[in-house]
Amino acid sequence: MLRYTLVRFLSLCVTLVAASLVVFLVVEIIPGDPASFMLGLNAEPDTVAALRKELGLSGSLGSRYLDWAGGMMVGDFGRSYTYRVPVAELVVARIQVSLPLAFYALLLSTAIAFPVGIMAASRRGSILDIGIMGSTQLGIAVPNFWFAMLLVLVFAVGLRWFAAGGFAGWDQGVLVGLKSLTLPAIALAVTQASILARVMRSALIDTLGQDFIRTARAKGLTRRQALTRHALRNALIPVLTIIGLQFSFLLAGAIIIENVFFLPGLGRLIFQGITQRDLIVVESVVMLLVFAVIVVNFLVDIAYALVDPRLRIRQ
Amino acid sequence: MNLLEVSQLDLAIHGTPVLESVSFAIEHGKTFGLVGESGSGKSLTALSLVNLLPPGSVRAGNGRLLDQDLFALDESQLCSVRGREIGMIFQEPMTALNPVQSIGDQVAETLIVHGACSRSEARNQACSKLERVELPPERFPPGMFPHELSGGQRQRVCIALAIALQPKLLIADEPTTALDVSTQAQILALLRSLVEHDGMSLMLITHDLAVVADMADTVAVMESGRIVEAAPTEQLFRNMRHAYTRRLLKASFHKPRRGRLNALHDQPLLRVENAVRSYRLPKSRLFSSAETLRAVNGVSFSLDRGESVGLVGESGCGKTTLTRAILGLDPLQGGQISLGGRPVLAGRKMSRSLRRRMQVVFQDPYGSFNPRHKVDRLVAEPLHLGDQSTNSARRREIVAQALEEVGLTGDDMKKYIHEFSGGQRQRIAIARALVTRPDLVVLDEAVSALDVSMRARILDLLAGLQVKHGLSYLFVSHDLTVVRVITDRVLVMYAGQIMEHGKTEDVFRNPRHSYTRQLLDAAPCIPRSWMQG
Amino acid sequence: MKLPLQLLAGATLAAIFVIAAMVSFAWTPYPVESLNVAMKLQPPSTTHWLGTDHLGRDMVSMLMVGSRISIEVAIVAVGIGLLLGVPLGLAAAASHRSKLDEIIMRGNDLVFAFPALVIAILITAVFGPSAFNAILAIGIFNIPVFARVSRGAALSIWTLDYILAARVAGKGTVRISTEHVLPNIANLLVVQGTIQFSLGILAEAGLSYVGLGAQPPIPSLGRMLADAQTLIYTTPRLAVVPGLAIVLTVLGLNLLGDGLRDYLDPRIRRARQ
């Protein structure tokens with residue numbers, strides 16, 4: 001297990017370095033001179049020179065990359081050109097919205113998908129199964145930001161159960177904060193829950209056809225016991241893969257859906273960064289998102305080994 | 001008094017009858033053998049008893065276990081019969097265990113689901129059950145997982161969990177078919193001791209007449225869903241009443257008539273000299289250096305033109321690795337192989353003209369063909385080794401001729417492979433091997449997946465083709481009986497080395513090496529005295 | 001007879017959408033370029049079946065032209081994924097456990113760390129917004145998806161005896177990959193293709209909704225939803241209609257994909273015969 005974890009961790013580090021190189025390459029090299037790019041065509045040479053100095057563009061590419069990457073490791077993302085504050089400050093405030101939203105949605109989708117998928121698999125072919133499969137088919141087809149609009153229409157405008165948008169903040173208590181993230185989280189979770197429930201169902205059905213289920217039944221386990229004690233854990237392996245993939249979809253989805261609910265998350269920061277050509281903000285936020293995806297995939301890899309002893313290597 | 005009595009068992013799956021009025025009885029503490037070829041319904045008979053049938057099955061008849069009417073039980077009552085009164089083990093030990101649960105837990109579960117004892121007590125019991133099947137806790141702690149065990153060891157775990165509650169009846173469905181001869185002998189000995197010492201009755205389902213002769217007190221023979229003949233074992237073998245039983249026995253000892261070829265001994269066709277091939281094993285520790293396994297460790301032999309040589313050994317002995325090197329699929333790390341005096345090299349380094357002199361027939365009649373191509377394209381594939389000038393009309397002619405030689409017709413060319421039976425597919429594989437007019441055909445377990453009657457016919461075909469085309473065969477197999485009837489010389493391989501080689505009959509009659517003796521002793525056989533007349 | 005029905009329903013839904021988009025090249029009920037503020041926000045009627053939007057454009061025409069971008073982006077993105085991903089996957093499988101396999105798989109992991117949205121953000125930040133960004137972003141995202149699927153499927157084909165037989169017949173890696181492996185994983189690729197196609201439509205809608213995709217005045221379904229958002233309290237129709245169009249299309253494609261999978265799966269097909 002230790003060896004496996006170490007190998008996965010090394011692979012995480014390699015991917016992280018490679019990803020940061022890609023981001024650095026795209027943002028700082030492809031546009032030519034980032035300073036004149038950020039200031040636009042009509043900028044005075046003096047201003048450009050000043051910005052170049054501020055951005056530390058004088059050094060070689062290698063040293064610039066090392067400065068940037070080294071800075072990020074200690075939480076220094078540079079200064080935003082438009083906001084005139086350290087990017088870290090901007091990010092810290094906004095990540096408190098986006099990341100909890102993505103995890104909230106992940107939790108919701110898993111909490112919905114597991115029982116639904118299990119029910120469908122254990123009553124394969126029944127009316128219930130057909131109903132579940134039909135509604136998940138629909139759930140997958142719904143664009144989450146559009147579904148978010150419908151939710152606003154019904155629960156905020158119509159029933160007035162929730163605010164139509166905005167974020168109450170975490171200072172007034174966790175529940176208040178969670179409440180303002182609930183509609184967005186539901187909108188995000190519906191698609192992912194549908195996918196996950198289908199994967200869960202088909203993984204379970206595959207597993208239920210395996211020889212070891214017959215062995216379990218021959219031991220005297222009921223159909224239900226064979227499912228919960230033997231099939232479920234084996235079916236988790238493909239399900240985990242999907243959960244890992246889903247996190248990146250949810251993070252991207254969270255950024256898009258912030259628009260519908262006027263949430264002050266990373267989405268707004270990054271879209272403003274794009275329109276104002278604030279490359280430093282874009283670069284940092286992108287790197288942060290990529291970092292989150294890579295870390296979650298690492299965690300999923302570790303979870304694999306917890307579920308499947310074949311991945312652990314005996315010491 | 002009988003332990004189990006089944007009468008007039010009928011079974012239909014989705015309306016198709018698969019079992020018809022099957023009746024038999026099993027006595028206390030006795031072994032009942034049920035033999036038949038694949039598809040005869042022997043497994044379904046066993047599954048009918050505990051109602052673990054595939055969906056769409058309709059069952060009728062009577063089944064009594066002591067005073068219990070098995071067919072009248074509801075699902076929850078059946079759950080308490082399964083595992084407690086009837087234990088079951090199946091053919092494929094590699095997949096029969098839950099890969100993510102430790103072996104101890106899987107054995108303990110039988111005790112726990114039937115409420116036989118507490119969880120902690122069950123763990124202790126599991127250890128003693130594993131010890132009963134000769135997996136002592138010092139070497140096989142209950143925390144081990146199935147993937148850490150060999151096939152034979154896994155089958156022992158399956159037996160342990162099936163007998164954990166001392167069931168009255170143990171059903172073993174082809175329990176040793178997937179195992180090597182020596183492992184088979186050990187598992188059969190274990191099953192025998194369970195019957196003798198633990199007072200269980202055993203229902204042994206197999207396709208192998210020798211296994212039932214060795215094990216069973218009474219035998220029933222099944223053919224397409226019916227029991228055609230049943231009798232005490234010795235009586236059945238001495239006095240076979242039904243034609244099918246006789247056919248089955250004849251087929252399993254079938255000796256193809258082999259014409260004599262004038263083997264040319266001046267220059268060997270195939271020469272293997274000091275062949276070495278090793279694999280790197282996965283590292284056991286993070287920073288330790290990787291260990292290597294010498295799968296083929298200094299093997300030398302030669303094969304003459306027109307000769308048939310058998311290469312026998314159990315799984316893991318290195319025969320597959322050696323075969324792949326001979327076929328030029330993998331490179332050697334030491335030594336050399338030559339065909340007709342020219343070196344055999346891996347991959348594209350070997351010239352086409354040399355490659356076409358050697359062809360192969362594999363074991364699996366299902367995996368050996370690309371399902372998307374028609375038979376003409378499948379059979380013609382090796383022709384690409386020949387002259388580029390072969391036009392399509394000539395190609396068709398060659399393919400048609402090859403198909404006719406193996407007992408099919410030219411019209412079969414336009415069919416897809418799924419339209420053929422297992423035996424026909426092996427014929428097509430042979431046709432494919434013949435189109436380049438090779439000198440050497442490697443038969444890699446080529447008849448191992450076939451039922452005995454089909455196997456007999458394919459062996460006849462191979463013997464005929466050998467004379468007709470002056471072929472040399474390298475017959476790679478784990479099955480000693482087959483090798484004995486089709487080869488002139490035999491090589492016995494163990495742990496990467498040739499332990500013994502010599503004329504086939506000599507080796508079988510007077511094995512010199514202890515491993516060969518062990519191998520021959522392990523193979524179950526029908527007593528000679530039973531088969532007189 | 002559930003399976004052909006599913007296939008039929010999916011194909012019909014998807015076809016309606018594709019045909020409507022194709023027809024829009026030649027004809028739309030009203031031109032989408034001309035704005036007619038006098039006719040803005042008309043409710044559905046016999047002249048405007050689905051009404052008009054906030055700039056007086058006919059909704060039916062907008063949907064027809066808007067679908068065009070969706071299809072274009074999704075098709076090209078699937079094409080990029082197939083053309084680059086499948087050869088990579090086949091090469092990785094053919095050289096299983098070699099350096100090449102390792103490099104391809106690590107490269108896959110790297111691209112997987114960039115969700116399509118993040119790629120689009122990076123490209124837009126540097127090159128400015130356009131529909132091309134969406135194609136590129138979704139296309140790049142598709143590459144590791146196809147590479148992974150084809151590698152996995154190809155690996156199981158490579159273990160079969162007919163591959164060995166082909167090697168004994170002297171065929172090289174490339175010929176084996178194209179003659180034996182590719183045809184046998186084609187079903188899977190078709191199915192994955194329809195899935196990625198529908199994901200592409202969803203992703204394109206999302207990207208153009210946040211302004212990273214097609215730019216005005218080109219109509220796109222995502223853009224229509226973004227425009228409708230401010231009017232959602234007064235005229236929900238403007239948001240509901242394009243959204244439903246997306247849902248029905250994606251639903252159609254998914255049904256088609258599932259139907260194809262069942263139809264092409266020889267195991268299921270044999271059971272049906």
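In what follows, the structure referred to is the one given above.
For clarity, every value in this text was computed on a predicted model and none was experimentally measured. The residue numbers shown here count from 1 along each chain, following its written sequence. Just so you know, chain letters begin at A and ligand numbers begin at 1, following the order they were written in. Given that this is a predicted model, residues contribute local features only at a pLDDT of at least 70 and side-chain atom pairs are listed and counted only at 80 or more, while totals for whole chains, interfaces and linings are drawn from all residues. Computation of side-chain values: all heavy atoms of the structure, hydrogens and water removed.

Engineer: Provide a residue-level description of the interface of chain C and chain A, including the pertinent values.
Structural biologist: In what follows, a contact means two residues having at least one pair of non-hydrogen atoms within 4.5 Å. Each partner contributes residues to the interface: chain C has 39 residues there, and chain A has 46 residues. When two parts are brought into contact, each loses some accessible area as probed by a 1.4 Å sphere; the total of that loss over both is the buried area. In this assembly, chain C packs against chain A so that about 3,700 Å² is buried in total across both faces, 82% of it on carbon and sulfur atoms. The salt bridge criterion pairs a side-chain nitrogen of Lys or Arg with a carboxyl oxygen of Asp or Glu, the two atoms within 4 Å. Taken together, the links from chain C to chain A amount to one salt bridge. C:Asp258 is paired through a salt bridge with A:Arg198; the nearest N and O atoms lie 2.8 Å apart. Think of a polar contact as two N or O atoms within 3.5 Å of one another; within protein, one of them needs to be a possible hydrogen donor and the other a possible acceptor, and neighboring residues in sequence only count if both atoms come from side chains. At the junction of chain C with chain A, the criterion picks out four residue pairs in polar contact (both at pLDDT 80 or more). Of all the elements in the fold, those that place two or more residues in the side of chain C that touches chain A are helix H3 (99-112), helix H4 (116-127), helix H7 (173-209), helix H8 (221-229) and helix H9 (237-264) of chain C. Per-element accounting of the side of chain C that touches chain A gives the leading share, eleven residues, to H9(C). Classification convention: Asp, Glu, Lys, Arg as charged; Ala, Val, Leu, Ile, Met, Phe, Trp, Tyr, Cys, Pro as nonpolar; all other residues, Gly among them, as polar. Residue classes in the side of chain C that touches chain A are distributed as 30 nonpolar, six polar and three charged. Working definition: helices are DSSP H or I runs of at least four residues, strands are E runs of at least two. Numbering for both runs from the N terminus.

Engineer: Report on empty space enclosed by the protein, specifying residues and quantitative values.
Structural biologist: If a probe the size of a water molecule is rolled over the atoms, the empty space left behind becomes visible. Within this scheme a cavity is a closed region of a 1 Å grid, computed over the protein atoms alone, that accommodates a 1.4 Å probe without allowing it to escape, whereas a pocket is open but has protein on both sides within 12 Å along at least five of seven lines; lining residues each have an atom within 4 Å of a point. Grid points are joined across faces, edges and corners, and a volume is the space filled by probe spheres set on the points. With the rule as written, the count across this model stands at five cavities of 30 Å³ or more. Volume-wise, the largest cavity comes out at about 70 Å³. Taken together, C:Asp53, C:His54, C:Arg57, C:Met59, C:Met62, C:Met224, C:Asp227, C:Ala228 and C:Leu238 make up the lining of the largest cavity. For the lining of the largest cavity, the elements supplying multiple residues, two or more each, are helix H2 (59-94) and H8 of chain C. Of all the elements, H8(C) adds the most residues to the lining of the largest cavity, at three residues. Along the lines of polarity and charge, the residues of the lining of the largest cavity split into five nonpolar, one polar and three charged. The computed volume of the second largest cavity comes to approximately 40 Å³. If you go around the second largest cavity, the residues you meet are B:Val312, B:Leu480, B:Val490, B:Val492, B:Val507, B:Phe508, B:Thr516, B:Leu519 and B:Leu520.

Engineer: Give a description of the interface of chain B and chain C that names residues and reports values.
Structural biologist: The interface is formed by 26 residues belonging to chain B together with 19 residues belonging to chain C. A buried area of about 1,900 Å², summed over both sides, lies between chain B and chain C, and 53% of it is on carbon and sulfur atoms. Counting across the chain B and chain C interface gives two salt bridges. The residue C:Glu179 makes a salt bridge to B:Arg377 at a minimum N-O spacing of 4.0 Å. When residues in the side of chain B that touches chain C are grouped by element, the largest group, three residues, is from strand S16 (residues 358-361) of chain B. The residue inventory of the side of chain B that touches chain C, partitioned by class, reads nine nonpolar, eight polar and nine charged.

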